[in-house]
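Residue-level structure breakdown
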Amino acid sequence: MRRLLLPLWPLLLLTACQEKNELPDARQAAVRLEVDFTFKAGCISVEARDKDAQEDHSEVKPIEVLGREASDRKLVLSIFRRDDWGRTLEIITTAREQSCTGPVVASALRTVTLDTAGVQTVAVTLSAVDDDDDGFVHTAGDGTDCADNDAAVTQRRFYRDADGDSYGAGEPEVVCTAPAQHVARGGDCDDTTASRSPGVAELCDGIDNDCVGGVDNGLQLSDFYLDADRDGVGAGTVVRACLAPQNHVVSNNDCDDTDAARRPGLAETCDDKDNDCDGAADEGLVVSTYYRDADGDGFGRNSDSRQKCNQPDGYATAGGDCNDDASAVNPSAQETCNDVDDNCAGGVDEGFNKTWHRDADGDTFGVQAAPVLGCTQPAGYVAPTSTFDCNDSESAVNPGAMERCNDIDDNCAGGVDEPFTSGTTRKGAACGAPCTGIYVCNMAQSATTCNAPAATNYYTDADGDGDGAITATAQAVCPTQPVPPNTAPRNTDCNDTDRHNKGNGTEVCDQRDNDCNSSADEGNVCMGAGWRELTDPAVIGRDWNTVAINKDSTTGYPVWIAGGGGALARRSSAGGTFTSFDGTCGMTTWNAAWVHSDGSVFLAGDAGRVAQHDGTTCTQQRPLTDVTSNATGIVGFEGGGTLLYVVNAGGQLHSWTSGSPPVLVDDNSPVYRDVHGVDSARLFIGGQEAGGNQQPWIETYTGGPDTSPMTVPGAHRTSIRSVWMVSSSLAYAVGEGNNVVAWGGANWAAITPPAVVDFTGVCAPDRSSVYVTDAVGVIRRYTGIAGSAWQTLYTALPAGELRDIALVTPSSIWAVGPGGRVIHFPELP
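Residues numbered from 1 in each chain as written. Predicted model: local features only at pLDDT ≥ 70, side-chain atom pairs only at ≥ 80, totals over all residues. Heavy atoms only, no water.

Description of the overall build of the chain
For the chain, the count of helices and strands is zero helices and 53 strands. Here the C-alpha atoms of the chain give a radius of gyration of 66 Å, more than 25% beyond the 28 Å that 2.2 N^0.38 yields for 829 residues. Based on the C-alpha atoms only, the size of the chain along its principal axes is roughly 165 × 150 × 45 Å. The proportion of buried residues among the 829 residues of the chain is 43%. Of all intrachain contacts in the chain linking residues separated by at least 6 positions in sequence, the fraction that spans at least 24 positions is 42%. Here the chain contributes 56 positive and 120 negative side-chain charges, whose respective centroids are spaced 14 Å apart. (Helix = DSSP H or I, 4+ residues; strand = E, 2+ residues; numbered from the N terminus. Rg over C-alpha atoms; globule rule 2.2 N^0.38 Å. Buried < 20%, exposed > 50% of the residue type's maximum accessible area, 1.4 Å probe, protein only. Contact = heavy atoms within 4.5 Å. Lys, Arg positive; Asp, Glu negative; His and termini not counted. Charge placed at Lys NZ, Arg CZ, Asp CG, Glu CD.)

Okay, structure coming up:
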């Protein structure tokens, strides 16, 4: 609360001028407050505030007026408005009883508007009823006077009287009328009992009955002494009292007030006490001699005796003990061999003598050498035996032990392992088949056992997956023998021609029984995925001729597809969509593709054109030598740079080093359709004879200036459309006229086809995974076993040509064809 110091009298005269129609400022208008009070008030206070902002007010310092005569009960004060107030003020005048903190007994509120200069007078009269003029207003007027007709009486005090003896105690209640169980008199020293209050007669009871602060005051007192042992005689400090306190007596000559058997006048008894309090114990009684017996064996030391009327504790009636610290030693004890004079006869172990032998290993047999003489058996020594220990550092070796097979003389009989050195199973005899060894001691040392190592069974592992065929015959191999090639130490493989199946395999989504449990793709490994024809905007409506994946890819991505009129697209990850690069490498029809490990694609197409696309930029190369022939196949190799080989329909083979133009290697007459190899040491080129019978044609290239033709089975006027090398000793080729052939390292041989159809593509990442496409849209797998059935994996509906197939593993297979046909396994719906 902000305070405004308001001047008291004399009232200041306002002299400031005021222009016409101007309101006065805070010092040009004031209030003269005249306060009359008609009673003997204690304090007058005045508060001024803005009528419209009542929480902001100012207050005159309260004025003490209690001592004023009736003729002087008037105040005059000046009040000014603050600059931040409005023009209308509220003035509150208050009168309090007795002091400025007493109760409010009168007040008045006045309102005044200061809109003109000058002084406005406000008169206030404060009235209250005080009939006896004692400065206390009657309670009916909010004062505290209980009797307003008697100036000597204001409020009354009443004290709690709990015991009803007309005297109260504690803090008084200040009220006009006595509450229940309250009286006007205080001073009770114990308000819980009526027997203690002012005016009560003092009794001999150890209590302050009359509440004057003394106990038994005014009564006759005597001397009393505590009799703690209740023998009628007291001792100790005197106690002054009107009556004997409990356990107190008037006599005080007890020599031991803790023992009732001791007081003046008692007869002396044999108890080691001064019974009659004359300063001596047991005087005049008959005594005997007793000997100190510390070990309690009934014999005491002659050097320590006492004359007593009774036998003291720890004393014996007989002496003669030679060792009073050992109860087993005394004149009546039996002598034993213990290096001690047990019977106190003056000798040690008389009649005893003994020899002891060292037993270091604790097997109860000692060694014969260096015996020890004494009647007490030393620690680590035993009595002599008929045969002594031959090895005292080994407890299992002693004359009582059983002989074991361990190259040790266990029974100290002078021989080693004698029960195990004869017979067909004797130590060192030859044993074992197919692995050989000799008989040696077994682990329990109870017999001999053959130490020939166990043979390990190995089984033929044709597919090299670390698991042999279930039907394979075991080949026992000893540890010193080499492991046979193409074998494994287990035989749980249900199909030893397929490295994707084995007994401890993990099921994956590839349409095969990977774990050999007679079910394929179980456990929801495909999660609803299967063969699907993609409908991405980037693939539909194009004629796709080729699909390619980098052979070293672990994920199967990226996948590149290419086709007619410059169509080109890439899918970078599983579940993603194809991104179109149509026309970025021109409008060439692309017939073949090969993917680099960096993810870029190399393309071969019509008019002998070749190009590279890295996903951002296409780099066109100079066309092949014969621009009238279409490039039909491409394969590449990495290591020390990128080397590619390209073939065309004109029978030309070109080499192409990335960043340089293609170079013609040879120029033959056949029509080339495809080229492939596992490395640059050997290539296979498939196609058709250019003239004559137009037989299916395969050539091989192993370096140098020319290729070499190979004999290929097949009907005339048909062409090899696709060739694939699985390894340096295995390859497959397919073509028109249901022609499927395989190369086993020397010759090409026909394989029974699954149908009469023109085959268009082959891809074989391993010998058991030969996948082919055909001209009616069927995808099949050949297991690599001659005569085995082909597995039909996918049939296009409606029927239509598929031109190429690619995969790294059977868990991700791609095939493409014209009419926007792109097939993938596995693909989610």
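Here we look at the layout of surface pockets
Size it by volume and the largest pocket reaches roughly 980 Å³. Going through the elements one at a time, strand 27 (544–549), strand 31 (590–595), strand 35 (631–638), strand 39 (671–679), strand 43 (720–727), strand 47 (759–766) and strand 51 (804–807) are the ones with two or more residues in the lining of the largest pocket. Considering only residue class, the lining of the largest pocket consists of 25 nonpolar, 13 polar and nine charged. Each pocket or cavity is described by its volume, and for the second largest pocket that value is around 240 Å³. Along the walls of the second largest pocket sit 16 residues, with Ala529, Ala574, Pro826, Glu827 and Leu828 positioned nearest its centre. Counting residues per element, the lining of the second largest pocket draws most heavily on strand 53 (residues 821–827), which supplies three residues. For the lining of the second largest pocket, a count of residues per class yields nine nonpolar, five polar and two charged. (1 Å grid on protein atoms, 1.4 Å probe; cavity = no way out; pocket = protein on both sides within 12 Å on 5 of 7 lines; lining within 4 Å. Points joined across faces, edges and corners; volume = space filled by probe spheres on them. Nonpolar A, V, L, I, M, F, W, Y, C, P; charged D, E, K, R; others polar.)

Describing the side chain of Arg73
If you trace the backbone, Arg73 turns up in the loop between strand 3 (53–64) and strand 4 (74–80). Those residues in contact with Arg73 that lie beyond four places of it in its chain are Val35, Asp36, Phe37, Thr38, Phe39, Lys40, Arg68 and Asp133.

Digging into the state of the cysteines
Here the structure, examined in full by the defined rule, presents 14 disulfides. A sulfur-sulfur separation of 2.0 Å characterises the disulfide bridge that pairs Cys189 with Cys211. Where Cys189 bonds to Cys211 through sulfur, the torsion about that S-S bond is close to -70°, and the disulfide is left-handed. Taken together, the residues span a long stretch of sequence, with Cys189 in the loop between strand 10 (182–183) and strand 11 (222–226) and Cys211 in the loop between strand 10 and strand 11 at a distance of 22 residues. In this structure Cys189 comes out as partly exposed when scored by relative accessible area, which is 38%. Each sulfur of the disulfide joining Cys435 and Cys478 lies 1.9 Å from the other. Disulfide Cys435-Cys478: torsion about the S-S bond near -110°, hence left-handed. (Disulfide = S-S within 2.5 Å.)

What to know about the sheet that holds strand 40 (residues 682–688)
Taken in spatial order, the four strands line up as 39-40-41-42 in an open sheet, and their pairing is antiparallel. Each edge of the sheet is formed by a strand with only one pairing partner; in this case those strands are strand 39 and strand 42 (708–710). Between one strand axis and the next, the sheet turns through 30° on average, direction left out of account. Strand direction decides the pairing type here: strand 39 and strand 40, joined by six bridges, are antiparallel. Pairing of Asp679 across the sheet is with Arg682, part of strand 40. (Pairing = 2+ DSSP bridges. Axes fitted to C-alpha atoms, helices over the stretch in contact; angles between N-to-C directions.)

A few points about the side chain of His676
Within the secondary structure layout, His676 lies in strand 39. Judged by relative accessible area, His676 falls into the buried class, the value being 12%. A polar side-chain atom of His676 sits 3.0 Å from the main-chain amide nitrogen of Met725. (Polar contact = N/O pair within 3.5 Å; in protein donor to acceptor, adjacent residues only side chain to side chain.)

Quick look at the sheet that holds strand 47
What the four strands build is an open sheet, ordered 47-48-49-50; its pairing is antiparallel. This sheet does not close on itself; its edge strands, each paired only once, are strand 47 and strand 50 (791–795). If you compare each strand with its neighbour and ignore which way they point, the axes differ by 20° on average. In this sheet, strand 50 lies alongside strand 49 (residues 778–782) in antiparallel orientation, the contact comprising four bridges. Within strand 50, the position partnered with Arg780 by the bridge is Thr792.

A word on the pattern of salt bridges
Counted by the stated rule, this structure contains 25 salt bridges. Ionic pairing is found between Asp582 and Arg542, a salt bridge with its closest N-O pair at 2.7 Å. Placement of Asp582 in the loop between strand 30 (579–580) and strand 31 and of Arg542 in the loop between strand 26 (530–533) and strand 27 is noted, with a sequence separation of 40 residues between them. Residue Arg721 pairs with Glu801 through a salt bridge whose shortest N-O separation is 3.5 Å. Within this pair, whereas Arg721 is found in strand 43, its partner Glu801 is found in the loop between strand 50 and strand 51, the two being separated by 80 residues in sequence. (Salt bridge = Lys/Arg side-chain N within 4 Å of Asp/Glu carboxyl O.)

Functional significance is not addressed by these values, which are geometric in nature.
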